[in-house]
Amino acid sequence: SPRTSVVPAANEVELHPFLRKDEIEAFCAARGIRLIAYSPLARALRLDHPSLEAAAARHGVSTAQVLVRWSVQHGYVPLPKSVRSERVAQNVDVFAFELSAQEMAALDALDERLFTEWEEWGQLDPTALP
């Protein structure tokens, strides 16, 4: 932008396999901007998805851990939310396993444009400018 010469260090967006942001990812990567993934668990709306369950079973982890690991392997900084201490501990315990290329591809193919935060924003479409 001509209004600033400072490139942001990070961009926080809702990001998970059910809501890919490939254009934003490419834009940020080209400028050295880290992506922070809020709602990386998709508000638990798809934790029972067969692709997640299969990967979780193969690695002996929870489907939430698979989602957090997917973010990490993409280079995102995931911000999973929980009020239960055991889930907080589980959400950070994602470095003892790695998703295979096939598992990552299967999860990458799940995009359904699932915005989980629309209700909080008054049903605004975050992809459209006013």
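Heads up: the structure comes first, above all this text.
Figured I'd write up the structure that's included with this text.

Reading the values: the criteria
Residues numbered from 1 in each chain as written. Predicted model: local features only at pLDDT ≥ 70, side-chain atom pairs only at ≥ 80, totals over all residues. Heavy atoms only, no water. Pairing = 2+ DSSP bridges. Helix = DSSP H or I, 4+ residues; strand = E, 2+ residues; numbered from the N terminus. Axes fitted to C-alpha atoms, helices over the stretch in contact; angles between N-to-C directions. Right-handed = clockwise from strand over helix to strand, strands pointing away.

**Points about the sheet that holds strand β3 (residues 77–79)**
- On the basis of which strands lie adjacent, the open sheet formed by three strands has the order β1-β2-β3 and parallel pairing. Taken across any chain shown, the strands that pair with only one partner, and hence form the sheet edges, are β1 (10–14) and β3. Ignoring which end each strand starts from, the neighbouring axes of this sheet average 25° apart.
- Where strand β2 (residues 34–38) meets β3, three bridges bridge the pair, whose relative direction is parallel. Looking across to β3, one finds that I36 is bridged to V77.

**A few points about the pairing of β2**
- Note: β1 against β2, five bridges, orientation parallel. Residue pairing for β2: N11 is matched across the bridge by L35.
- You can see the chain leave β1, run along helix α1 (residues 22–31) and come back into β2, and the turn it takes is right-handed.

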